[in-house]
Amino acid sequence: MDLEALEREQRALAARVRLEPAALPSPAELSVFAFDVHYRAGIAHVAGSLWQGGREQVTYCGACEVAAPYLPGLFCYREGPALLALWRSVAERLPAVDVLLVDGHGVAHPRRFGLACWLGLAAERPALGVAKQSLLSDPPEPAPERGAAAPVRLGAEPLGWAVRRRTGVKPVFASPGHLLDVAGAREATLALPGRCRVPDPLRRADRAARARASGAPSAGEVELGRLPPALPPWHDS
DNA sequence: GCGACAG
DNA sequence: ATCTTGTCGC
C-alpha cells in the first residue's frame, strides 16, 4: 500500500473520530494510562503506565515487532499497533481508566488523524495526544504562566492547544484523539500529574520503554500477543 | 526543485 | 526514535 493510500485511509478514519465532551473526574480522581515506545535493533519496546489521583499505580512493558517505518504524518501506523498490543494484554486486569495518553498528536494533524486518534478508535476509549512539537504551521505562543494556552488551528478550525504546564518553559501541544473534545484536551493536559513540561505518566512510560530497550527493565514484563493490524478492522464482530 | 517534517 | 562526547545550566 503506497503513501497516498495510507493518507486517504487517514482521512476516512478521521471521519470516525468523535470529538465529544468526556466526563472526566477531578485531577484528584483522574486515571490515565500513558504509553511510549523505544526502538532497538529492529525491536519495538513498549511501555504503559497507569496513574490515578496523581500517583503511579502500575507500569508494564513488553516487546513486539516494528509495524512500519517512521514517516512524518504517518506516525500512527508505526506506533499504534505496538500500543494496542500492550493495551490488549493489560486492559482487562486494570482498574478503571479515564483516558489513554500518547506522546504525539490527536486531531491537531494535517489530516486530522494523529496517533491518539488511531489508538482511541482501535481501543474504543477516550484518548489524548500530548506532543513536544507542533505538526501544524505557526505554533502559537501562550502567556508565560503555567495554565496559559493558545489554540492550534488547521485553517480556521481550532483542533488543539499549545499548553504551558510550567511557567517560563516551552509549551506542549495537546489535542483530543477520540471521545474527548478540544476544550477537554486543554483541561485534561493541565490536570495531568507533574510540574514538568511533559506530564509524569508520559515521562514514566518513556523511562520504562527506554529501560527495557537497554536491557534493564524498570517495569513488569507482559507477553504481547500478535501485533494488531495498522488498518481496521481492529475488532471481530 | 528545496526544505520541513509528531516519534 | 537511534547513533554518539562532552558541556552548560538549574
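Residues numbered from 1 in each chain as written. Chains lettered and ligands numbered in written order. Predicted model: local features only at pLDDT ≥ 70, side-chain atom pairs only at ≥ 80, totals over all residues.

> Explain the protein's contact with DNA strand C to me, using residue names and the numbers behind them.
Every residue lining DNA strand C is accounted for by His38, Tyr39, Arg40, Arg210 and Ala213. Broken down by element, the residue count for the surface near DNA strand C peaks at three residues, all from strand E1 (residues 31-40). Considering only residue class, the surface near DNA strand C consists of two nonpolar, one polar and two charged. (Near = placed C-beta within 6 Å. Helix = DSSP H or I, 4+ residues; strand = E, 2+ residues; numbered from the N terminus. Nonpolar A, V, L, I, M, F, W, Y, C, P; charged D, E, K, R; others polar.)

> Quick rundown of the pairing of strand E3 (residues 55-65)? Include the residues and the values.
In terms of strand pairing, strand E2 (residues 43-52) meets E3 through 10 bridges, oriented antiparallel. Bridge pairing in E3 links Ser49 to Thr59. Two strands pair when backbone bridges link them, and E3 and strand E9 (residues 220-221) are joined in this way by two bridges, in the parallel orientation. Bridge pairing in E9 places Cys61 opposite Glu221. (Pairing = 2+ DSSP bridges.)

> Got a sec to walk through the pairing of strand E6 (residues 149-154)? Specific residues and values, please.
Note on strand geometry: in a regular strand, side chains alternate between the two faces of the sheet. Where E6 and strand E7 (residues 157-163) come together, six bridges link them in antiparallel fashion. Bridge pairing links Ala149 to Val163 in E7. Here E6 folds back onto E7 in antiparallel fashion, the turn holding two residues, of which Gly155 has a positive phi close to 65 degrees.

> Explain the protein's contact with DNA strand B to me, and be specific about the residues and the numbers.
By nearness alone, 16 residues border DNA strand B, and Phe75, Gly104, His105, Gly114 and Lys132 come closest of all. Of the residues contributing to the surface near DNA strand B, the split by class is eight nonpolar, six polar and two charged.

> Give a description of the sheet that holds E6 that names residues and reports values.
Hydrogen bonding along the main chain pairs the strands of a sheet, whether they run parallel or antiparallel. Spatial ordering of the open sheet is given by E6-E7-E8-E5-E4-E1-E2-E3-E9, a layout of nine strands whose pairing is mixed. The two strands at the open ends of the sheet, each matched to only one other strand, are E6 and E9. Examined bridge by bridge, E1 and E2 share 10 bridges and lie antiparallel to one another. Residue pairing across strands places Val37 opposite Val46, the latter belonging to E2.

> Would you mind going over the nonpolar core in detail, with residue names and values included?
Within the largest apolar cluster, 69 residues are counted, with the highest numbers of intra-cluster contacts made by Val46, Leu83, Leu86, Leu101, Val102, Leu119 and Leu128. With nine residues, helix H2 (residues 75-90) is the largest single contributor of residues to this core. If sequence neighbours within four positions are ignored, Val46 has contacts with Phe35, Val37, Cys61, Gly62, Cys64, Ala82, Leu83, Leu86 and Ala209. (Core = buried A, V, L, I, M, F, W, Y, C linked by C-beta atoms within 7 Å. Buried ≥ 20, exposed ≤ 12 C-beta atoms within 10 Å, placed from the backbone. Contact = placed C-beta atoms within 7 Å.)

> Could you give me a rundown of the environment of Pro126, with the residues and numbers involved?
Tracing the chain through its elements places Pro126 in the loop between helix H3 (115-123) and strand E5 (127-131). If sequence neighbours within four positions are ignored, Pro126 has contacts with Ala22, Asp98, Val99, Leu100, Gly120, His178, Leu179 and Leu180.

> Describe the environment of Lys170, naming the residues involved and giving the relevant values.
Structurally, Lys170 can be placed in the loop between E7 and strand E8 (172-178). Among the residues examined, Lys170 registers 14 C-beta atoms within 10 Å and is labelled partly exposed. Distance in space between the C-alpha atoms of Lys170 and Val222 is 35 Å, their sequence separation being 52 residues.

> Which residues make up the environment of Arg210, and what values do they have?
Summarising the element assignment, Arg210 is placed in helix H5 (residues 200-213). Taking the C-alpha atoms as reference points, Arg210 and Cys61, 149 residues apart in sequence, are found 10.0 Å from one another.

> Describe H3, listing the residues and the values that go with them.
In an α-helix, one turn spans 3.6 residues, which is why side chains three or four residues apart end up on the same side. Buried residues dominate H3, accounting for nine of its nine residues. Of the positions making up H3, those classed as buried are Leu115, Ala116, Cys117, Trp118, Leu119, Gly120, Leu121, Ala122 and Ala123. Of the surrounding secondary structure, the elements contacted by the buried residues of H3 are helix H1 (3-14), H2, strand E4 (99-102), E5 and E8. Following H3 by one or two positions, Glu124 has its phi on the positive side, about 55 degrees.

> Report on the packing of H2 against H3, specifying residues and quantitative values.
Contact geometry for H2 and H3: axes closest at 9 Å, N-to-C directions at 40 degrees. The angle between H2 and H3 places the two elements in the oblique class. Read as a crossing pair, H2 and H3 show a hand that is right-handed. Of H3, the residues touching H2 (which contributes Phe75, Cys76, Glu79, Gly80, Leu83, Leu84 and Trp87) are Leu115, Trp118, Leu119, Ala122 and Ala123. (Axes fitted to C-alpha atoms, helices over the stretch in contact; angles between N-to-C directions. Parallel < 35°, antiparallel > 145°, perpendicular 65-115°, else oblique. Left-handed = near helix turned anticlockwise from the far one by under 90°.)

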